[in-house]
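A structural walkthrough
Spelled out, the chains give:
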Amino acid sequence: MLSIKQLALLALATGLASVDAQSTGKTTRYWDCCKGSCGWSGKASVNQPINSCDKSDNPLANMAAKNGCESGGTAYMCTNQSPWAVNDSLAYGFAAVKLAGGTESSWCCACYELTFTSGPVNGKKMIVQATNTGGDLGQNHFDLAMPGGGVGLYNACTNQWGAPPNGWGAQYGGISSKSQCDAFPEKLKAGCNWRFDWFGGADNPDVTFKQVTCPKAITDKSGCIRNGENPT
Ligand SMILES: *[C@@H]1O[C@H](CO)[C@@H](O)[C@H](O)[C@H]1NC(C)=O
């Protein structure tokens, strides 16, 4: 007869513990003002693609609008895809995602509960919805969307908001102090401050993660719900 502990070990060893399985991942941060890749029809089985916004931050009805990162593009990341604190130990937000063994059809608009395992946020949790991916992301990688986090590969922030040529702060990593948020567009200030308040200025903390049903507070902003999910 196997003990509970032996069974648990067996389950782990054979991958049977998938219901509550946590995987290990890494994070980075970005805010490039571009239309997210989950903003296109046909990426995944969903009610609608994630919302994109016009240059003045109004949601676009036309999901086929060209990405503002491309010449002549008119679709940008909506400012309400910024992170926010639910309470001291939980935050909600959005991320560009790449997961081992998956594709956009498996992760676009899915939500993941991240538990930070390093840095000043060690032990805190954040639930993010996948709105985007990135060619430069590794496997099990969450590039957390936060204003002032650095534009990365693409930059629509200069076009949309008059940010400096390589975006606010460093192209990778962005600004380095909270006071720099004061010069941000009004609608991006709260998300910019979040990084230095709730997030404690953490620098690419590690995570464990698992998929969860999206909170309605998140899908109410993005507009996107995966078929079969019932956010509450
Ligand atoms: C934070 O909010 C979540 C979700 O409502 C709740 O489960 C958790 O207990 C709260 N934590 C604290 C410290 O208030």
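The residue numbering used here restarts from 1 in each chain and proceeds along that chain's sequence as written. For this predicted model, a pLDDT threshold of at least 70 governs which residues receive local features, and a threshold of 80 or more governs which side-chain atom pairs are given and counted, while totals over whole chains, interfaces and linings are taken from all residues. Heavy atoms from the whole structure form the basis of all side-chain values; hydrogens and water molecules are not counted.

1. So, the pairing of strand β2 (residues 84-87)
Here is the rule we go by: Two strands are said to pair when DSSP picks up at least two bridges between them. The helix and strand labels rest on DSSP assignments: H or I over at least four residues marks a helix, E over at least two residues marks a strand, and numbering proceeds from the N terminus.
Direction of pairing for β2 relative to strand β3 (residues 90-98): antiparallel, over a ladder of 3 bridges. If you follow Ala85 over to β3, its bridge partner there is Ala91.

2. Brief notes about the state of the cysteines
For the record, the criterion: The definition used for a disulfide is geometric: two cysteine sulfur atoms within 2.5 Å. Each residue is placed in one exposure class: buried if its accessible area under a 1.4 Å probe, protein chains only, is under 20% of its type's maximum, exposed if it is over 50%, and partly exposed if it falls in between.
Enumeration over the complete set of coordinates arrives at 7 disulfides. A sulfur-sulfur separation of 2.1 Å characterises the disulfide bridge that pairs Cys53 with Cys78. On the sign convention where negative is left-handed, the bridge of Cys53 and Cys78, at about 105° about the S-S bond, is right-handed. Placement of the pair is Cys53 in the loop between β1 (23-30) and β2 and Cys78 in the loop between β1 and β2, with a sequence separation of 25 residues. The pair Cys53 / Cys78 is uniform in exposure class, with both members buried. Here Cys111 is linked by a disulfide to Cys214, with a sulfur-sulfur distance of 2.0 Å. Between Cys111 and Cys214, the S-S dihedral sits near 100°, and the bridge is therefore right-handed. A residue pair is termed long-range when its members are at least 10 positions apart, and Cys111 in strand β4 (residues 111-116) and Cys214 in the loop between β7 (207-212) and α5 (216-222) qualify at 103 residues. Neither residue differs from the other here; Cys111 and Cys214 are each classed as buried.

3. Observations concerning the site of the ligand
Applied cut-off: Near, as used in this document, describes a residue that has one of its heavy atoms within 4 Å of the molecule or strand being considered. For the purposes of these results, a polar contact is taken to be a pair of N or O atoms within 3.5 Å, where, inside protein, one atom must be able to donate a hydrogen and its partner to accept one; residues adjacent in sequence count only when each atom of the pair is a side-chain atom.
Lining the immediate environment of the ligand, one finds Asn87, Ser89 and Leu90. One nitrogen or oxygen atom from the side chain of Asn87 is found 2.3 Å from an oxygen atom belonging to the ligand.

Nothing here speaks to function; it is geometry throughout.
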